[in-house]
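# Understanding the architecture of this molecule
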Amino acid sequence: MSTYDTYPRIVGETGGKNFIVAHRSADLSAVRTAIVRGAFEYQGQKCSAASRAYIPASLWKDLERPLVEETASLAMGDPRDFTNFVNAVIDQKAFDKIKGYIDGARASTDAEVIVGGECDDSDGWFIRPTIILAKSPDYVSMCDEIFGPVISIYVYDDADWSETLRVVDRTSPYALTGAVFARERQAIREATAALRQAAGNFYVNDKPTGAVVGQQPFGGARASGTNDKAGSMLNLLRWVSARSIKETFVPPTDYTYPFMDGK
């Protein structure tokens, strides 16, 4: 305490393994758009970017082809050209890390790269938007924070909705952002309750990214940080030190209490 008059206050945000979980009642086009925008905007190098998705089998049979086609069609190149949706990742270190996960999925019997995966560092660090289809919900790319244009998808049996919510909750120590897609209100209520601790910012029928500070307070819990909600009074309170003041106008002048007189 030789440096500080009181203990320093800390606000922290570390990482995330942000999720999209779809119910069988979800709108297919909304889920597709949320995956593409949520995972590949900013090359996935955004703290809230979607990194894992859980899709029911009944939805996947109609979602897979248009999702793959749309992902493959994304324009990539110079960010000064606004027709490009994706550009290079930040540096060689990030490029190598992301490529390592893609190469691992290609070599694994527990996963499959269903679109993208091409990597080129000859002029910048370009990685095509990539979707990994995982055969188990605990495959490494479903669990690790990759921080790049890669999303891993696990297809679950429709009947396993409730169990899948529990899997989403316990898969990652992070709790930054997450989203549920459903048109059945009961499914939304169940997901909201089951994933209460899984995301500091929780979205219903929207991608788990894009919060505007000052309009939607932003924060993450668990290993993602102190969840102080930047853009709200909750963040302000983190920086103040509460002080209580009591003023007595008629103070006692005798230490004894009435019960002490023996009567």
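Below you will find a few notes about this structure. This is a predicted model, so every value here is computed, not measured.

## What about the pattern of salt bridges?
Oppositely charged side chains can form a pair if their charged atoms are brought close together. In this structure the tally under the stated criterion is 11 salt bridges. Residue Arg 32 is joined to Glu 70 by a salt bridge in which the shortest nitrogen-to-oxygen separation is 3.2 Å. Here Glu 70 lies in helix 2 (residues 57–72) and Arg 32 lies in helix 1 (residues 28–40), a separation of 38 residues in the sequence. As a salt-bridge pair, Asp 228 and Arg 238 come within 2.7 Å of each other at their nearest N and O atoms. Here the residue Asp 228 occupies a position in the loop between strand 11 (221–222) and helix 7 (233–238), and Arg 238 occupies one in helix 7, the gap between them amounting to 10 residues. Look at Asp 228 and you get buried, because its relative accessible area is 8%. Residue classification places Arg 238 among the partly exposed residues on the basis of a relative accessible area of 28%. Overlapping salt bridges, with partners in common, bring together Glu 163, Arg 166 and Arg 170 in one network.

## Notes on unusual backbone geometry
Of note, the phi angle at Tyr 42 is positive, near 60°, even though the residue is not glycine. If you trace the backbone, Tyr 42 turns up in the loop between helix 1 and strand 2 (50–56). Given a relative accessible area of 52%, Tyr 42 falls into the exposed group. Backbone geometry places Asn 227, a non-glycine residue, at a positive phi of 55°. Of note, Asn 227 is situated in the loop between strand 11 and helix 7. We classify Asn 227 as partly exposed; its relative accessible area is 27%.

## Some thoughts on a negative patch on the surface
A surface patch of negative charge is lined by Asp 91, Asp 96, Asp 120, Asp 121 and Asp 123. Along the chain, Asp 91 falls in the loop between helix 2 and helix 3 (92–107).

## Focus on the packing of helix 5 (residues 161–171) against helix 6 (residues 185–194)
It is at 10 Å that the axes of helix 5 and helix 6 come closest, and there the two elements cross at 30°. When the interaxial angle is binned, helix 5 and helix 6 end up roughly parallel. Like other packed secondary-structure pairs, helix 5 and helix 6 cross with a definite hand, here right-handed. Residues Trp 161, Ser 162, Leu 165 and Asp 169 of helix 5 lie in contact with helix 6, whose contacting residues are Ala 187, Glu 190, Ala 191 and Ala 194. A class-by-class count of the residues in the contact of helix 5 with helix 6 yields 5 nonpolar, 1 polar and 2 charged.

Rules behind the numbers
Residues numbered from 1 in each chain as written. Predicted model: local features only at pLDDT ≥ 70, side-chain atom pairs only at ≥ 80, totals over all residues. Heavy atoms only, no water. Salt bridge = Lys/Arg side-chain N within 4 Å of Asp/Glu carboxyl O. Helix = DSSP H or I, 4+ residues; strand = E, 2+ residues; numbered from the N terminus. Buried < 20%, exposed > 50% of the residue type's maximum accessible area, 1.4 Å probe, protein only. Patch = residues over 30% accessible without salt bridge, like charges linked within 9 Å, V, L, I, M, F, W, Y side chains within 5 Å. Areas by Shrake-Rupley, 256 points an atom, 1.4 Å probe, with all protein chains shown as cover. Lys, Arg positive; Asp, Glu negative; His and termini not counted. Charge placed at Lys NZ, Arg CZ, Asp CG, Glu CD. Axes fitted to C-alpha atoms, helices over the stretch in contact; angles between N-to-C directions. Parallel < 35°, antiparallel > 145°, perpendicular 65-115°, else oblique. Left-handed = near helix turned anticlockwise from the far one by under 90°. Contact = heavy atoms within 4.5 Å. Nonpolar A, V, L, I, M, F, W, Y, C, P; charged D, E, K, R; others polar.

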